[in-house]
Amino acid sequence: MQDAAPGPARQEEHLSLLKVLSPVHIWALGVGIVLVGEFMGWNFTVEKGGMYGSLIAAWVVGLLYTSLVMINSEITSTIPAAGGQYAQAKHTIGPLMAFNVGLYLTMAYTMLEAANANVLSYLLTELSGLLGSSEGLSAYPFATLAIVALAFLNYRGVFTSLSLNFFITAFAFLTIIALFVGIRGWNPGANMFLGGLTGEVANGLPYGWIGVIAALQFGMWYYLGIEGTAQAAEECRSASRSIPLGSMAGIVTLIIAATLTWYVAAGLLPWQYLGTAITPLFDVARVAGSGVLVVLLLLGTLCATLASANGCINDASRAWFSMGRDRYLPAWFGAVHPRYRTPFRSIVFLIPVAIAFAILPVLLNNPTLLSTVITFSILSGLLGYSFMVPNFFRFRRLWPLGSVRRGYVLPFHPLPAFALALLSALVFFATFLGYGTVLLSILAFYFLASIWFVVRRYKYVKRGAQFTAPLPRPKGY
Amino acid sequence: MSVWGALEIAAWVLSAGIALWMVADLVRVGREYDEDFLTTAVEIDHVPADDEEGRVR
């Protein structure tokens with residue numbers, strides 16, 4: 001597979017990111033980042049809210065993300081710029097919000113990439129144990145290799161890296177389907193003892209409705225990262241077609257995957273175990289007693305983790321690059337590679353950052369640091385979602401329907417925007433219940449970063465070049 | 001040395017090799033091309049073809 005790179009650009013030409021992506025790549029980017037959440041992480045909803053609490057969280061948070069994807073599709077199909085939500089905020093609200101959103105995106109994806117690399121090295125360590133190794137395999141070299149090798153792929157071209165993501169993501173999704181087929185999920189009485197689903201009321205909602213609300217925070221694992229499809233808009237052959245089509249197909253895939261995952265796990269594992277398992281789907285395969293399923297699910301987990309890390313490198317670098325291009329950060333980061341047409345400096349710069357966050361929990365022998373890294377990622381994403389609500393209202397006010405060409409029009413406006421605001425507030429509350437101190441620390445971090453931006457950086461921002469999309473003058477200006 | 005120990009060393013060597021290649025290429029591009037040329041990428045340089053035929057909605 002080869003990128004459609006036209007070779008080195010001449011100095012008299014203007015550089016741009018290469019426009020080679022199709023809806024398939026957008027699907028691979030969105031689903032690829034998220035699907036690892038089906039293989040691990042989602043099951044903490046069970047610990048918080050029980051089996052039914054977990055299912056409610058999957059669907060309620062699914063509604064949050066469906067609203068988000070629809071809103072995202074309308075704005076991104078109209079403003080197809082790298083940086084996604086950052087570029088949206090730049091056009092609709094202003095530099096301070098754009099800076100914050102850009103920073104949320106970079107931190108969310110870099111932290112998630114670090115967590116993925118950490119998990120990958122854990123899986124390899126487990127695999128070496130299964131293959132009979134008596135000595136403990138070090139996590140450092142494999143976490144580092146995963147990040148560096150995927151960054152290399154991203155450096156060399158977006159087409160190859162997202163084509164690879166398509167194959168490994170599709171494979172990982174098919175392993176979930178294979179698990180459902182393998183245990184004959186359509187006939188629950190045959191192979192599933194349903195210990196988590198029936199028998200006792202305590203299995204369903206052991207902590208009542210407050211448990212369901214607490215589960216919402218971890219319900220984000222089912223979908224966190226699907227909004228990253230917007231980051232690739234500038235590299236699509238036709239963003240107005242690819243972004244809505246790829247993103248919608250992505251959220252449909254994820255809702256199906258989330259429901260299937262919950263169903264097979266709930267049917268075969270007791271909820272008390274499931275709530276704390278590290279690799280729940282792999283455990284389901286082991287309980288099912290099929291060697292083929294065990295191998296498939298192990299490979300599926302590895303592929304999902306790699307796809308997520310790969311997508312995160314793509315998205316974090318685009319957000320960082322677009323802030324550099326507009327001088328929100330030093331212009332050095334806003335460079336495009338003349339041959340590969342990728343944001344190469346941003347890709348390289350974020351490698352040591354991701355490696356540091358990946359190996360710090362191991363280096364300091366502090367596993368809770370990993371959950372803090374993951375919580376930082378989730379909360380950064382959530383802050384970005386909350387900001388999308390005012391962004392979208394202002395977008396519709398500045399460019400009402402009929403004033404600009406849209407690749408997709410959000411139906412039932414303003415209901416999805418209200419749903420996004422309400423559900424984001426609920427998840428914030430749930431996070432506060434479980435991680436109040438971390439939440440406040442993260443808010444303090446972004447507040448300090450905002451002060452730095454206003455005092456030290458704003459003077460360098462290209463204020464006259466904020467409106468880069470080919471849009472008419474906004475209404476009222 | 002066990003197989004796993006050798007794999008760990010191979011992972012380190014491979015990581016270092018890839019990282020060095022990227023840094024060397026990054027430095028080479030910075031030397032060969034004008035900085036203004038590299039950092040003035042066009043954000044949205046054209047309206048996609050289907051938009052040109054599309055409806056105003």
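Caption draft 1: Looking closely at the overall build of chain A. If you tally the helices and strands in chain A, you get 17 helices and zero strands. Its C-alpha atoms give chain A a radius of gyration of 22 Å, near enough to 23 Å, the size a compact globule of 477 residues would have. Of all 477 residues assigned to chain A, the portion counted as buried reaches 63%. Sequence separation of 24 or more characterises 84% of the internal contacts of chain A that already satisfy a separation of 6 or more. About 16700 Å² of surface is accessible on chain A, with carbon and sulfur atoms providing 70% of the total. Considering chain A, the positive charge centre built from 27 side chains and the negative charge centre built from 16 side chains are found 15 Å apart.

Caption draft 2: Spotlight on the interface of chain A and chain B. Listed per partner, the contact involves 67 residues of chain A and 39 residues of chain B. Counting every contact that joins chain A to chain B gives one salt bridge. Linking Glu 35 of chain B and Arg 345 of chain A is a salt bridge whose minimum nitrogen-to-oxygen distance equals 2.7 Å. Counting across the interface, chain A meets chain B through seven residue pairs in polar contact (both at pLDDT 80 or more). Looking at the side of chain A that touches chain B, the elements that each hand over two or more residues are α4 (85-92), α6 (140-156), α11 (239-268), α14 (291-325) and α15 (344-363) of chain A. Element by element, the count of residues in the side of chain A that touches chain B is highest for α6 of chain A, at eleven residues.

Caption draft 3: Fine view of the nonpolar core. Among the nonpolar cores identified, the biggest contains 140 residues, and Leu 35, Tyr 65, Met 220, Tyr 223 and Tyr 385 of chain A are the most heavily contacted of them. Setting aside its immediate chain neighbours within four residues, Met 220 of chain A contacts Val 61, Tyr 65, Ile 378, Leu 382, Tyr 385 and Val 427 of chain A. Membership of the second largest hydrophobic core comes to 38 residues, among which are Ile 347 and Ile 359 of chain A together with Ala 11 and Leu 38 of chain B.

Caption draft 4: Expanded view of unusual backbone geometry. Following His 413 of chain A, the chain continues into Pro 414 of chain A via a peptide bond in cis, with omega recorded as 15°. Examined against the element boundaries, Pro 414 of chain A turns out to sit in the loop between α16 (367-398) and α17 (415-457).

Caption draft 5: Geometry of a nonpolar patch on the surface. Residue and element names in this part refer to chain A. A contiguous nonpolar patch, built from Leu 96, Phe 447, Leu 448, Ile 451, Val 454 and Val 455 and spanning about 580 Å² of accessible area, is present on the exposed surface. Here the nonpolar patch takes five residues from α17, the largest share from any one element. With respect to the element layout, Val 454 can be found in helix α17.

Caption draft 6: Representation of α6 of chain A within the structure. When the terminal C-alpha atoms of α6 of chain A are compared, their 24 Å separation across 17 residues agrees well with the 24 Å that a helix rising 1.5 Å per residue should span. Within α6 of chain A, twelve of the 17 residues are buried, which leaves it mostly tucked inside the rest of the structure. Buried within α6 of chain A we find Pro 141, Phe 142, Ala 143, Thr 144, Leu 145, Ala 146, Ile 147, Val 148, Leu 150, Ala 151, Asn 154 and Tyr 155 of chain A. Summarising the contacts, the buried residues of α6 of chain A are in contact with α5 (95-130), α7 (158-182), α14 and α15 of chain A together with α1 (3-32) of chain B.

Caption draft 7: Here's a closer look at the environment of Arg 28 of chain B. Residue and element names in this part refer to chain B. Position of Arg 28 relative to the elements: it lies in helix α1. Between the C-alpha atoms of Arg 28 and Ser 15, which are 13 residues apart in sequence, the distance is 20 Å. Only 2.8 Å separates the side chain of Arg 28 from the side chain of Asp 25, close enough to count as a polar contact.

Caption draft 8: Summary view of the environment of Glu 47 of chain A. Residues and elements named next belong to chain A. Checked against the element boundaries, Glu 47 lands in helix α3 (residues 44-78). The spatial distance from the C-alpha of Glu 47 to the C-alpha of Ser 403 is 49 Å, given a sequence separation of 356 residues. Once residues within four sequence positions are removed from consideration, Glu 47 is found in contact with Tyr 207, Gly 275 and Thr 276.

The rules behind these values
Residues numbered from 1 in each chain as written. Chains lettered and ligands numbered in written order. Predicted model: local features only at pLDDT ≥ 70, side-chain atom pairs only at ≥ 80, totals over all residues. Heavy atoms only, no water. Helix = DSSP H or I, 4+ residues; strand = E, 2+ residues; numbered from the N terminus. Rg over C-alpha atoms; globule rule 2.2 N^0.38 Å. Buried < 20%, exposed > 50% of the residue type's maximum accessible area, 1.4 Å probe, protein only. Contact = heavy atoms within 4.5 Å. Areas by Shrake-Rupley, 256 points an atom, 1.4 Å probe, with all protein chains shown as cover. Lys, Arg positive; Asp, Glu negative; His and termini not counted. Charge placed at Lys NZ, Arg CZ, Asp CG, Glu CD. Salt bridge = Lys/Arg side-chain N within 4 Å of Asp/Glu carboxyl O. Polar contact = N/O pair within 3.5 Å; in protein donor to acceptor, adjacent residues only side chain to side chain. Core = buried A, V, L, I, M, F, W, Y, C linked by side-chain atoms within 4.5 Å. Patch = residues over 30% accessible without salt bridge, like charges linked within 9 Å, V, L, I, M, F, W, Y side chains within 5 Å. Expected span 1.5 Å × (residues − 1).

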